[in-house]
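Coordinate analysis (summary)
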Amino acid sequence: AIRAANPNSITPSTLICHNDTGTLYFGAYGSIAGRKLPRVPEHNLNFGVDYVRPLSGSWTLESGASVSYESRKFVQVDNLAYYGEATLLNASVGLSNDNFSVSLWGKNLGDEDSVVSASRFTDATNQSLRGFFGMNRMPRQFGVSATMKF
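Note that the structure is a prediction, hence the values are computed from the model and not measured.

1. Points about the overall build of the protein chain
Summing up its helical and strand segments, the protein chain has 0 helices and 13 strands in all. Taken from the N to the C terminus, the helices and strands of the protein chain come in the order β-β-β-β-β-β-β-β-β-β-β-β-β. Taking all 150 residues of the protein chain together, 17% fall into the buried category. Across the protein chain, every contact between residues at least 6 apart in sequence was considered, and the portion connecting residues at least 24 apart equals 53%. Summing over all exposed atoms, the protein chain offers an accessible surface of approximately 10500 Å²; the carbon and sulfur share of this is 58%.

2. A short note on unusual backbone geometry
Although it is not a glycine, N79 sits at a positive phi angle of roughly 60 degrees. Here N79 is to be found in the loop between β7 (73-74) and β8 (82-83). By relative accessible area, which is 16% here, N79 ends up buried. Despite not being glycine, D111 has its phi angle at roughly 55 degrees, a positive value.

3. Some thoughts on the pairing of strand β5 (residues 43-54)
Put simply, side chains in a regular strand alternate between the two faces of the sheet. One ladder, built from 9 bridges, connects strand β2 (residues 10-18) with β5; its direction is antiparallel. By the bridge assignment, T14 is partnered in β5 with F47. Of the strand pairs in this sheet, β5 and strand β6 (residues 60-70) are connected by 11 bridges, and their pairing is antiparallel. Along β6, the bridge assignment pairs V52 with E62.

4. Digging into the pairing of strand β9 (residues 86-96)
Where β6 lies against β9, 11 bridges are found, and the strand directions are antiparallel. Residue pairing in the sheet places S68 in a bridge with L88 of β9. By the bridge criterion, 6 bridges tie β9 to strand β10 (residues 100-107) in an arrangement that is antiparallel. Of the residues in β10, the one forming a bridge with S92 is W105.

5. Overview of the pattern of salt bridges
Inspection of every chain in the model, using the stated rule, returns 1 salt bridge. E70 is the partner of K73 in a salt bridge, and the nearest nitrogen-oxygen pair spans 2.8 Å.

6. A closer look at the side chain of E112
Its location among the elements puts E112 in the loop between β10 and β11 (117-123). In terms of polar contacts, E112 uses its side chain to reach the backbone amide nitrogen of S114, at 3.1 Å. The contact partners of E112, leaving out residues within four places of it in the chain, are E85, A86, T87, L88, R137 and M138.

7. A look at the packing of aromatic side chains
Considering all chains together, one arrives at 1 aromatic pair under this definition. Their ring planes at 80 degrees and their centres at 6.3 Å tell us that F74 and Y82 sit as a pair that is edge-to-face. On the basis of relative accessible area, F74 is assigned to the buried category, the value being 14%. The ring of Y82 is capped by R72, whose NZ or CZ atom sits 4.4 Å from the centre of that ring.

8. A word on a nonpolar patch on the surface
There is a patch of nonpolar side chains on the surface, built from L55, W59, V93, L95, F100, V102, L104, V144, M148 and F150 and spanning about 990 Å² of accessible area. For the nonpolar patch, the secondary-structure elements that each account for two or more residues are β9, β10 and β13 (141-148). At 3 residues, β10 tops the list of elements feeding residues into the nonpolar patch. One can find W59 in the loop between β5 and β6. The partly exposed category is assigned to W59, whose relative accessible area is 35%.

Quick notes on the rules
- Residues numbered from 1 in each chain as written.
- Predicted model: local features only at pLDDT ≥ 70, side-chain atom pairs only at ≥ 80, totals over all residues.
- Heavy atoms only, no water.
- Helix = DSSP H or I, 4+ residues; strand = E, 2+ residues; numbered from the N terminus.
- Buried < 20%, exposed > 50% of the residue type's maximum accessible area, 1.4 Å probe, protein only.
- Contact = heavy atoms within 4.5 Å.
- Areas by Shrake-Rupley, 256 points an atom, 1.4 Å probe, with all protein chains shown as cover.
- Pairing = 2+ DSSP bridges.
- Salt bridge = Lys/Arg side-chain N within 4 Å of Asp/Glu carboxyl O.
- Polar contact = N/O pair within 3.5 Å; in protein donor to acceptor, adjacent residues only side chain to side chain.
- Phe/Tyr/Trp six-rings, centres within 6.5 Å; stacked < 30°, edge-to-face > 60°.
- Lys NZ or Arg CZ within 6 Å of the ring centre and 35° of its normal.
- Patch = residues over 30% accessible without salt bridge, like charges linked within 9 Å, V, L, I, M, F, W, Y side chains within 5 Å.

Everything listed is a geometric property; what it means functionally is a separate question.
Encoded structure:
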């Protein structure tokens, strides 16, 4: 991760990751040489920026935004099925002092709907049918957070 402080109260941060997810296995069921590990993205990118500015008295304005990207991920080691890439945008703005803080925030502002994770299953009780299941991503969210120190 790269993080740089700026005297003007703007702090950018960046993370770029390439996962070499190749695997090699020789066993009773054959080789999966050259396949990618399941549920691991090949590329991750993150970029964020925070801005802090003193206001009147002891109050401070704090805001920030971040965007993250994950490339597609394979469901199983055979690499035949995958779930899609995902791009998430989050942002917040708030006020704080020594005793109080309040912030308005938004998560998944682009309403990304690619599943978070997926897997394959076998139902032995129903003629060994096979299928996939996935965990849905939380939809776009907005909220207010407040804290008080005492």
